[in-house]
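Commentary on secondary and tertiary structure
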Amino acid sequence: MTPRIAFAIVAALACGSAWSNEAQSENLQSDVPALRSSARAEAVTTAVPAGTDGPLPVIEVAAPAPLPETIDLTYESAEIFQHLRRGFAMPNISNSLVLHHQQWYLNRPDYLRRMITRSSRYLHFIIVELDKRGMPLEIALLPMVESAYNPTAYSRSHASGLWQFVPATGKQYKLEQNWWVDERRDIVASTGAALDYLQYIYELHGDWHLALASYNWGEGAVKRAIEKNQAKGLPTDYASLTMPNETRHYVPKLQALKNIFSNATLMSQLGLPEIINRPYFATVGTPRPMDVKTAARLANMPVDEFMALNPSHNRPVMKADTPVVLPADK
């Protein structure tokens, strides 16, 4: 047995005691044309109490190789994950928590397929927005950690949408929340707000892992944790801070997904669908109020699919001057 495999086995056995929910429930389901293979889009609750599944089999997946400092984000690929890999720019982390979550995902390929199927509507748009800002493309995987790419996900802490904004932070970033709409569920508006917020906390800390911890825990809490370590003469990087269990697992989950999606051969072995790298939707205006069912009928698409692209509406009627998101081919 090589030292590397021996370490993986020991690490997997050592990290089985910690876990938190991966995603909230949802009820969206449709066939997605942009996928070369499709799966029923549904949510699962992924809390795994200790001892439920028994020991996790160990499959060693190496972390992605370090990328060059200059990344060509203008590269056009026929497939989304090829483009994603070229834009991964965050430093890699490797520890027992990463291995634990990596094995958790690898043991549930059906869950990964459902998550990718849901994401196929939104990934191209999010990646284009990240490319415009020069931000690491790992951020496009963050809704997998936050909501499993369910735009109607709602948590016990009242966070909502793909990016799981709580009401106060949503208002801070001008996401409208009223009788008509909740823009925390709006794909375009919430993505812009999430990227603005992530850019702000990255500039605050100068470190993407600390920025992600702040996104999950709050920038004030991370700032206080850093100050406590500074007062004790301790390191102030993500791995060295004392933080809640959920935040301690947050970046390792993202790294685990990054490791899996960085390995094209592994994705093929797991039967994970590919996503064609092209716009899935476009936005049009509505000059007058319109019934949601009528809008779906005029677009010649099922109401469920229409609502998957326009999940922010609280009422069956959309008010005038509301942007409507439609598949690009509609």
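Here the structure is shown first, and the text comes after it.
Residues numbered from 1 in each chain as written. Predicted model: local features only at pLDDT ≥ 70, side-chain atom pairs only at ≥ 80, totals over all residues. Heavy atoms only, no water.

1. A closer look at the overall build of the chain
In terms of helices and strands, the chain carries 14 helices and four strands. Restricting the contact set of the chain to residue pairs at least 6 apart, pairs at least 24 apart contribute 70%. (Helix = DSSP H or I, 4+ residues; strand = E, 2+ residues; numbered from the N terminus. Contact = heavy atoms within 4.5 Å.)

2. A word on the environment of Pro316
Mapped onto the secondary structure, Pro316 falls in the loop between helix H14 (303-309) and strand S3 (317-318). Once the C-alpha coordinates of Pro316 and Trp180 are considered, the two residues, 136 residues apart in sequence, prove to be 9.3 Å apart. Excluding anything up to four places from it in sequence, Pro316 contacts Met290, Asp291 and Val292.

3. A few points about helix H3 (residues 96-106)
In terms of burial, H3 is largely enclosed, as 10 of its 11 residues are buried. Along H3, the residues classified as buried are Leu97, Val98, Leu99, His100, His101, Gln102, Gln103, Trp104, Tyr105 and Leu106. Regarding H3, its N-cap is Asn95, as a side-chain oxygen of that residue lies 3.0 Å from the backbone nitrogen of Leu97 further along. (Buried < 20%, exposed > 50% of the residue type's maximum accessible area, 1.4 Å probe, protein only. Polar contact = N/O pair within 3.5 Å; in protein donor to acceptor, adjacent residues only side chain to side chain.)

4. Regarding the packing of aromatic side chains
Summed over the entire model, instances satisfying the criterion amount to 10 aromatic pairs. Aromatic pair Tyr122 and Tyr149: ring centres 6.3 Å apart, planes at 10°, arrangement stacked. Of this pair, Tyr122 sits in the loop between helix H4 (109-119) and helix H5 (123-133) while Tyr149 sits in the loop between helix H6 (142-146) and helix H7 (167-172), and the two are 27 residues apart along the sequence. You can call Tyr122 buried: its relative accessible area is 0%. Each ring, one from Tyr202 and one from Trp208, has its centre 4.2 Å from the other, and the planes form 10°; the classification is stacked. Overall, the relative accessible area of 27% leaves Tyr202 in the partly exposed class. By relative accessible area, Trp208 is classed as buried at 10%. Clustering of aromatic rings is evident, with ring pairs tying together Trp104, Tyr105 and Tyr111. Taking the ring centre of Trp179 as reference, the NZ or CZ of Arg315 above it sits at 4.0 Å. (Phe/Tyr/Trp six-rings, centres within 6.5 Å; stacked < 30°, edge-to-face > 60°. Lys NZ or Arg CZ within 6 Å of the ring centre and 35° of its normal.)

5. Focus on the packing of H3 against H4
The angle between the axes and the distance between the axes are what describe a pair of packed helices. Close contact between H3 and H4 brings their axes to 6 Å; oriented N to C, the two are set at 85°. Of the possible angle classes, the one that applies to H3 and H4 is roughly perpendicular. Listed contacts from H4 to Trp104, Tyr105 and Leu106 of H3 are Pro109, Tyr111, Leu112 and Met115. Each residue belonging to the contact of H3 with H4 can be placed in one class, and the counts come to seven nonpolar, no polar and no charged. (Axes fitted to C-alpha atoms, helices over the stretch in contact; angles between N-to-C directions. Parallel < 35°, antiparallel > 145°, perpendicular 65-115°, else oblique. Nonpolar A, V, L, I, M, F, W, Y, C, P; charged D, E, K, R; others polar.)

Just distances and angles here, no functional claims.
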